[in-house]
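Structure at a glance
Here is what each chain is made of, one letter per residue.
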Amino acid sequence: MTKHAKSAADSLEFECELAEPPEKVWRALTEPKLLAAWMMPNDIKPEIGSRFAFAGPDAPIDCEIIDAEPGRLLRYSWRERPEPDDASQALDSIVTFTLDRTVSGGTHLRIVHDGFARAATPVLAMAGAGCRLSLDAPQSKLPVAANAPRLLLCAA
């Protein structure tokens with residue numbers, strides 16, 4: 001797997017090559033148990049217009065699917081409100097996953113989180129995550145990714 005991360009003026013971008021095909025990577029992005037293994041517990045349904053939430057460490061993160069093309073593109077809004085009384089802590093942004101099949105049958109994955117640069121602490125946490133998705137999570141128990149933050153592991 002190759003990977004690199006860069007930050008645009010108001011976005012955070014990651015790109016990496018995964019050995020798994022786009023169909024398998026799509027499952028890791030859209031099946032709640034698999035997504036929870038490397039992100040957070042959630043109730044995602046990859047249908048345009050559907051709303052879902054991540055169980056964030058401080059408060060739920062409300063999301064809505066903007067675009068969903070199975071095996072190719074997933075885009076959703078990300079609305080984080082850690083402190084209801086503090087509007088300065090609010091984060092409204094867009095997350096986009098683009099999947100392209102590589103010559104070898106794997107996946108070139110590009111992740112862009114637009115509007116995220118204002119929140120320095122989450123950026124640092126996500127930058128450490130890179131592109132290590134948990135694609136082979138066990139079915140018998142709740143999967144946990146090697147890159148899951150300790151705080152989320154304790155909350156599970």
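Residues numbered from 1 in each chain as written. Predicted model: local features only at pLDDT ≥ 70, side-chain atom pairs only at ≥ 80, totals over all residues. Heavy atoms only, no water.

Counted according to the given criterion, the structure contains six aromatic pairs. Geometrically, the ring pair formed by phenylalanine 54 and tryptophan 78 is tilted, given 5.5 Å between the ring centres and 40° between the ring planes. Of this pair, phenylalanine 54 sits in strand β3 (residues 51-54) while tryptophan 78 sits in strand β5 (residues 73-80), and the two are 24 residues apart along the sequence. With respect to burial, phenylalanine 54 and tryptophan 78 carry one shared label: buried. Members of the aromatic cluster, each reached through a chain of ring pairs, are Trp38, Phe52, Phe54, Tyr76, Trp78 and Phe97. (Phe/Tyr/Trp six-rings, centres within 6.5 Å; stacked < 30°, edge-to-face > 60°. Helix = DSSP H or I, 4+ residues; strand = E, 2+ residues; numbered from the N terminus. Buried < 20%, exposed > 50% of the residue type's maximum accessible area, 1.4 Å probe, protein only.)

Moving on, we come to the side chain of serine 93. Structurally, serine 93 can be placed in strand β6 (residues 91-101). Judged by its relative accessible area of 5%, serine 93 is buried. At 2.7 Å, the side chain of serine 93 and the side chain of histidine 113 are in polar contact. (Polar contact = N/O pair within 3.5 Å; in protein donor to acceptor, adjacent residues only side chain to side chain.)

To continue, consider the pattern of salt bridges. Summed over the entire model, instances satisfying the criterion amount to eight salt bridges. Across the pair arginine 72 and glutamate 69 runs a salt bridge whose closest N-O atoms are separated by 3.1 Å. Using a relative accessible area of 34% as the deciding quantity, one classes glutamate 69 as partly exposed. Residues joined by salt bridges that share partners form a network here, namely Glu13, Glu15 and Arg110. (Salt bridge = Lys/Arg side-chain N within 4 Å of Asp/Glu carboxyl O.)

Among the nonpolar cores identified, the biggest contains 28 residues, and Met39, Phe54, Leu74, Tyr76, Trp78, Phe97 and Leu109 are the most heavily contacted of them. Among the secondary structure elements, those contributing two or more residues to this core are β2 (11-18), α1 (22-30), α2 (32-38), β3, β4 (61-69), β5, β6 and β7 (107-114). Discounting chain neighbours no more than four positions away, the residues touching tyrosine 76 are Met39, Phe52, Phe54, Cys63, Glu64, Ile65, Ile66, Ser93, Ile94, Val95 and Phe97. (Core = buried A, V, L, I, M, F, W, Y, C linked by side-chain atoms within 4.5 Å. Contact = heavy atoms within 4.5 Å.)

By the bridge criterion, eight bridges tie β5 to β6 in an arrangement that is antiparallel. Paired with arginine 75 across the strands is threonine 96, a residue of β6. Examined bridge by bridge, β6 and β7 share eight bridges and lie antiparallel to one another. Note that in β7 the partner of phenylalanine 97 across the bridge is isoleucine 111. The hairpin formed by β6 and β7 contains five residues between the paired strands, and glycine 105 there has a positive phi angle of roughly 95°. (Pairing = 2+ DSSP bridges.)

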